[in-house]
Every structure is written in C-alpha cells, then in structure tokens.
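Spelled out from the first residue to the last, the chains are:
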Amino acid sequence: MPGVAYLIGWQKPGEEIPEELAKRADIKVMASPGIGLSRNRNFLFENATAELLLISDDDLIYEAEALEGVIRAFDSNPECQLLTFRHAGTSRTYPDAGYDLLNPPKGTYTTSFEIALRRNSEVGNMRFDERFGIGGTLFSAAEDDLFMLRARQARIPGQYLPLTLCTHPGPSTGQRIPERGVLEAWGAYIALAHPAWQWPLRLYLKALRLSRSGQKSFWPSLRGLLSGLHKLHSNP
C-alpha cells in the first residue's frame, strides 16, 4: 500500500534471498551481521529511513486499514513518541480503553510487534538490549519488556490504543509453557525492573502465578527465575 515499505534484516548470509521478496519494490532486504533477534532489530533501527517505524515479524497478517490506522494514530497524538496496539489470534485480553504508557495498568504488557515509534525522537534512538531475546548473548526472552521499561524510565511520552494491528497465529512466548531460558530471562528482568529488597517476594509471586495458571509448577519456576538472577549478576 502507498506510504508503507518493509525493511528486512537477513541473518542467513549463505542463503539466497527468496525471489518473491527480492522482486518487490516495497521490500528492501539487507544482510544483517551476527545473530540474535535484538541485534537484528537494532541493525534495522540504524538503517531505517521512514518517519514512523513499526516492529514486525515473519508470521504476521496485516490489513491495509490497520496500517493506515497507525499513521492516523500518530497524526492524532503528536505529543507521543511511542504508540502500542493489540493483535488478534490470541487468548490474551486487552483493556478496552487507551492508557498512558508511563502508567500502564497492572498486568498489562507489550509484545514487540505491537510497538510503533517515531524514528526522529528519543525513543527512536533507543536500542534493544542484545543480552535478551532469541539468540541473545545471555537470555532468550524479555527483550520487549526491557525495551518498554527503559522507555518508562526515560519518561518517553506514549499511549496504548485499542486498535487491532495484525493477526498472529499461535501463542507468543509469554503465553507458552516457559522453558528454562525464558524463566531465566524473566528472573533477570525482575532484577532490572525492581529494587533489590523486592526481588525475593517478586520472584516468589511470579513462580506462584505460573503454578496457578498451569504453565509451570512452582519449584521449577522458582529455580529458573533464581538462575536468571544469578546469571545476570555473574555477567555484568
């Protein structure tokens, strides 16, 4: 659609770019150095030229009206550097009304492909922590949570808007049965997001919630969370 283009970071230098991507005028594929989801996103941030950036993934389904809605949302919220939305194809529930991203309601969180931002802004200069995310140097998840935490700490103005941005088939990482690496990432995130005197209670409550939800039993959850806390502080 007019006004929308796609920038893809290709982390498979030994493989040929598929013809259906190479021949499209609205798609630019760039060889991305190294490995890791966060590293790839940072590479794309550094090479993007559009005024508005929307983080995407390779298994999303967009409608033109939703993409036009993102552009209109930024036009209607000129004070916002950052906007987040919701996606379909999940059992996750979202607030029906918008809210200030500096004061998110308890229990809400953001998935990376729900994030849109102004490139020429403070948040446009932020980068994902390459220790976190699939292929990260230490942890395999929590890169989205950490990015949003850093935005709040920097007091970057933003809003969540109840616009359905895309469809994602299947559950996201936060909704699957958490593997050890994901638990470790969550434990590390808790340590970065909260003062040290709160860590014991917050780790305990996280393990308890995972157990009660049926995602993971309590003791394996707590051991994984504590392992992430230890790994973070063993690798400053």
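What you see is a predicted model; the values in this text were computed from it and never measured.

Asker: An account of the overall build of the chain is requested, with residue identities and associated values reported.
Answerer: Secondary structure assignment for the chain yields 7 helices and 8 strands. On C-alpha atoms alone, the chain measures out to a radius of gyration of 18 Å, which is about the 18 Å that the 2.2 N^0.38 rule sets for 236 residues. Overall size of the chain, expressed as C-alpha extent along the three principal axes, is 50 × 45 × 30 Å. Counting all 236 residues of the chain, 42% fall into the buried class. Partitioning the intrachain contacts of the chain with sequence separation of at least 6 by distance along the chain shows that 70% fall at a separation of at least 24. Per element, the accessible surface of the chain, about 12700 Å² overall, is 54% carbon and sulfur. A gap of 10 Å separates the mean positions of the 26 positive and 26 negative side-chain charges of the chain.

Asker: Residue-level account of the packing of helix H5 (residues 180–193) against helix H7 (residues 218–234), with values.
Answerer: For any two helices packed against each other, the geometry comes down to the angle between their axes and how far apart the axes lie. Running from N to C, H5 and H7 cross one another at 60 degrees; their axes reach a closest spacing of 7 Å. Of the possible angle classes, the one that applies to H5 and H7 is oblique. Of the two elements, H5 crosses H7, and the hand of that crossing is right-handed. Where H5 approaches H7, its residues Arg 180, Leu 183, Glu 184, Trp 186, Gly 187, Ala 188, Ala 191 and Leu 192 are matched on the opposing element by Pro 220, Ser 221, Arg 223, Gly 224, Leu 225, Ser 227, Gly 228, Leu 229, Lys 231, Leu 232 and His 233. Grouping the amino acids of the contact of H5 with H7 by side-chain chemistry returns 9 nonpolar, 6 polar and 4 charged.

Asker: Outline the side chain of Ser 227, listing residues and values.
Answerer: Within the secondary structure layout, Ser 227 lies in helix H7. In this structure, Ser 227 is in contact with Arg 180 and Glu 184, ignoring residues within four places of it in sequence.

Asker: Please give an account of the packing of helix H4 (residues 143–153) against H5 that cites residues and values.
Answerer: Where H4 contacts H5, the two axes come as close as 11 Å, and the packing angle between them is 5 degrees. Considered as vectors, H4 and H5 are oriented roughly parallel to each other. Counted together, Asp 145, Leu 146, Leu 149, Arg 150, Arg 152 and Gln 153 of H4 and Tyr 189, Leu 192 and Ala 193 of H5 form the full contact between these two elements. Class assignment for the residues of the contact of H4 with H5 results in 5 nonpolar, 1 polar and 3 charged.

Asker: Pulling in residues and values, what's your account of the pairing of strand S5 (residues 82–88)?
Answerer: The buried fraction of S5 is high, at 5 of 7 residues. In this sheet, strand S7 (residues 115–118) lies alongside S5 in antiparallel orientation, the contact comprising 3 bridges. Within S7, the residue paired with Leu 83 across the bridge is Ala 116. Of the strand pairs in this sheet, S5 and strand S8 (residues 158–167) are connected by 6 bridges, and their pairing is parallel. Bridge pairing in S8 links Thr 84 to Tyr 160.

Asker: Quick one: what's the story with a nonpolar patch on the surface, residue by residue and with numbers?
Answerer: Side chains of Leu 201, Tyr 204 and Leu 205 sit close together on the surface and give an oily, nonpolar patch of about 270 Å² of accessible area. Relative to the assigned elements, Leu 201 resides in helix H6 (residues 199–213).

Asker: Can you break down unusual backbone geometry residue by residue, with the values?
Answerer: Although it is not a glycine, Ala 142 sits at a positive phi angle of roughly 75 degrees. Relative to the assigned elements, Ala 142 resides in the loop between S7 and H4.

Asker: Quick one: what's the story with the side chain of Thr 111, residue by residue and with numbers?
Answerer: By secondary structure assignment, the location of Thr 111 is in the loop between strand S6 (99–100) and S7. Only 3.1 Å separates the side chain of Thr 111 from the side chain of Arg 92, close enough to count as a polar contact.

Asker: Explain the pattern of salt bridges residue by residue, including any values.
Answerer: With the rule as written, the count across this model stands at 10 salt bridges. Residue Glu 184 is joined to Arg 180 by a salt bridge in which the shortest nitrogen-to-oxygen separation is 3.4 Å. Placement of both Glu 184 and Arg 180 in helix H5 is noted, with a separation of 4 residues, approximately one turn of the helix. A relative accessible area of 46% places Arg 180 in the partly exposed class. Residues participating in the shared-partner salt-bridge network are Arg 41, Glu 143 and Asp 144.

Cut-off values and rules
- Residues numbered from 1 in each chain as written.
- Predicted model: local features only at pLDDT ≥ 70, side-chain atom pairs only at ≥ 80, totals over all residues.
- Heavy atoms only, no water.
- Helix = DSSP H or I, 4+ residues; strand = E, 2+ residues; numbered from the N terminus.
- Rg over C-alpha atoms; globule rule 2.2 N^0.38 Å.
- Buried < 20%, exposed > 50% of the residue type's maximum accessible area, 1.4 Å probe, protein only.
- Contact = heavy atoms within 4.5 Å.
- Areas by Shrake-Rupley, 256 points an atom, 1.4 Å probe, with all protein chains shown as cover.
- Lys, Arg positive; Asp, Glu negative; His and termini not counted.
- Charge placed at Lys NZ, Arg CZ, Asp CG, Glu CD.
- Axes fitted to C-alpha atoms, helices over the stretch in contact; angles between N-to-C directions.
- Parallel < 35°, antiparallel > 145°, perpendicular 65-115°, else oblique.
- Left-handed = near helix turned anticlockwise from the far one by under 90°.
- Nonpolar A, V, L, I, M, F, W, Y, C, P; charged D, E, K, R; others polar.
- Pairing = 2+ DSSP bridges.
- Patch = residues over 30% accessible without salt bridge, like charges linked within 9 Å, V, L, I, M, F, W, Y side chains within 5 Å.
- Salt bridge = Lys/Arg side-chain N within 4 Å of Asp/Glu carboxyl O.
- Polar contact = N/O pair within 3.5 Å; in protein donor to acceptor, adjacent residues only side chain to side chain.

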